[in-house]
Amino acid sequence: MVEVLWHGRGGQGAFTAARLLGAAASLGEGKYALAFPSFGPERRGAPMCAFTKMDDAPIGDRSAMQQADFVVYLDETLLGADWERELKPGGIVLVNSAKPTAYFGDQRIIALDADAISTAYLGRAIPNTVFLGALCALCDRLESIDVHAAIRQYMAPKLHDKNIAVVDAACAQARVAAQAFGEVATLDNAEALGADEPTPEVVSSQDESASAMHPPRPHSIICTLQAGELDPQQFAHTTCFSAGHLVTKNAGWRNERPVINGALCTGCYQCYFYCPDGAIYKAASSVPVAVDLDFCKGCGVCVSVCKFNALAMISESEANRA
């Protein structure tokens, strides 16, 4: 069985890509596939996963995979320091990034500027079908002609030609990126230590790079977002690990924010337990909890679970006037 794990954000089309991949991989005689999503907060920009399983026999296991042959990140900020845990031995990671593949320092990671490729053909950044093309170049079970057929079968007719062009362009670029980085990495290792020797310096560099990209979240600090600091159109370009680990600001598209009434808060921590993104944390102050406003999406779950009316939602415009 070949398994593909898709990491994306609401609105990026991860589940659409998972379904199209499954459709393409099951067109041949005796070929089977299964595709399904896993949503957290169902809101545009929220992290989500999708899964595609491909096999030569009917697939009975409908559970989410823990490790995959291919792990695809439609948003670079979802690539955390623990990415290796989800990758099978010999697996490949594909990430949507304008950075060169060599930047990530690991031959298992291939970067494609999917936003730029899709914008060139579709007029805006829709990265999902880019990685269908990349998988055509890297996965033996997938042929571009089958992906073309899946697109024609499951997408609106007006989208056929442009998305097929995206697939073909991405397929070509993925072949070049994989080959070029493999040659550079092999040459560097051979020059430094000899082709057969592992390089501890590279491991150290990777660890330092991952730490720099994902600094630890500051606790007991309320980060406030000032009016005009973020363009609301530029949502979800910076954010977090899974389970709500803050990296940088991701609140420019929020319409409302929760406000805590410290006099009414009893410290029951229901808001803390139920926050789907970990934006509410325990605070070392007179008020037991605080809201990380740089990460809060304004979903209102905290308000709905508060039994003491200690939380209320106010509009962003009202908050910025205060």
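Structure first, text after, so check above.
Rules used throughout
- For every chain, the first residue of the written sequence is number 1, and numbering continues from 1 along that sequence.
- Only residues with pLDDT of at least 70 are given local features in this predicted model, and only at 80 or more are side-chain atom pairs given and counted; all residues enter the totals for whole chains, interfaces and linings.
- Hydrogens and waters are ignored; side-chain quantities use all the structure's heavy atoms.
- Each residue gets one of three labels from its accessible area relative to the maximum for its type: buried under 20%, exposed over 50%, partly exposed in between, using a 1.4 Å probe on protein chains only.
- A helix here means a DSSP run of H or I that spans at least four residues, while a strand means a run of E at least two residues long, and both kinds are numbered starting from the N terminus.
- Strand pairing is defined by DSSP finding a minimum of two bridges between the two strands.
- Here a salt bridge means any side-chain nitrogen of Lys or Arg lying within 4 Å of a carboxyl oxygen belonging to Asp or Glu.
- Residues forming no salt bridge and having over 30% relative accessible area are the ones grouped into patches, like charges within 9 Å of each other and nonpolar side chains (Val, Leu, Ile, Met, Phe, Trp, Tyr) within 5 Å.
- Accessible areas in this description were obtained via Shrake-Rupley with a 1.4 Å probe; residue shielding takes into account the shown protein chains only.
- Here, two residues are considered to be in contact whenever any of their heavy atoms come within 4.5 Å of each other.
- Working convention: axes come from line fits to C-alpha atoms, limited for helices to the stretch in contact. Angles between N-to-C directions cover 0 to 180 degrees.
- Two helices crossing with the near one rotated counterclockwise from the far one by less than a right angle form a left-handed crossing, whereas a clockwise rotation gives a right-handed crossing.
- Polar here means any residue outside two lists: the nonpolar Ala, Val, Leu, Ile, Met, Phe, Trp, Tyr, Cys and Pro, and the charged Asp, Glu, Lys and Arg; Gly therefore counts as polar.
- In these notes, a set of buried Ala, Val, Leu, Ile, Met, Phe, Trp, Tyr and Cys residues joined through side-chain atoms within 4.5 Å is what counts as a nonpolar core.

A. Geometry of the pairing of strand β5 (residues 87-96). For β5, a buried count of seven out of 10 residues is recorded, marking the element as mostly surrounded by other parts of the structure. In the sheet, strand β4 (residues 68-73) pairs with β5 via five bridges, with the strands oriented parallel. Residue pairing for β5: Tyr-73 is matched across the bridge by Val-95. Sheet analysis places β5 next to strand β6 (residues 109-112), joined by four bridges and oriented parallel. Paired with Leu-94 across the strands is Ile-110, a residue of β6.

B. Just the pattern of salt bridges, in detail. Counted according to the given criterion, the structure contains 11 salt bridges. A salt bridge links Asp-61 to Lys-53, with the shortest nitrogen-to-oxygen separation between them at 3.7 Å. Using a relative accessible area of 1% as the deciding quantity, one classes Lys-53 as buried. Of the charged contacts in the structure, one is a salt bridge between Arg-141 and Asp-56, with a shortest N-O distance of 3.1 Å.

C. Focus on a nonpolar patch on the surface. On the surface, a cluster of nonpolar side chains totalling about 330 Å² of accessible area is made up of Tyr-272, Phe-273 and Tyr-274. The residue Phe-273 is located in helix α7 (residues 270-274) in this model.

D. Summary view of the environment of Ile-92. Within the element layout of this structure, Ile-92 appears in strand β5. Sequence spacing of Ile-92 and Cys-139 is 47 residues, and the spatial spacing of their C-alpha atoms is 9.7 Å. For Ile-92, the contacting residues outside a window of four places in its chain are Asp-69, Phe-70, Val-71, Leu-87, Arg-108, Ile-110 and Leu-138.

E. Quick peek at the packing of helix α1 (residues 14-25) against helix α3 (residues 128-138). In the contact formed by α1 and α3, the axes pass within 8 Å of each other and the chain directions differ by 35 degrees. Crossing geometry of α1 relative to α3 is assigned as right-handed. Touching Thr-16, Ala-17, Leu-20 and Leu-21 of α1 are Asn-128, Thr-129, Leu-132 and Leu-135, all from α3. Tallied by class, residues from the contact of α1 with α3 come to five nonpolar, three polar and no charged.

F. Region of the structure containing the nonpolar core. Grouped together as the largest cluster of nonpolar side chains are 45 residues, with contacts concentrated most on Trp-6, Leu-94 and Phe-131. Ranked by size, the runner-up nonpolar core spans 19 residues in total, among them Cys-49, Leu-79, Leu-87 and Ala-111.

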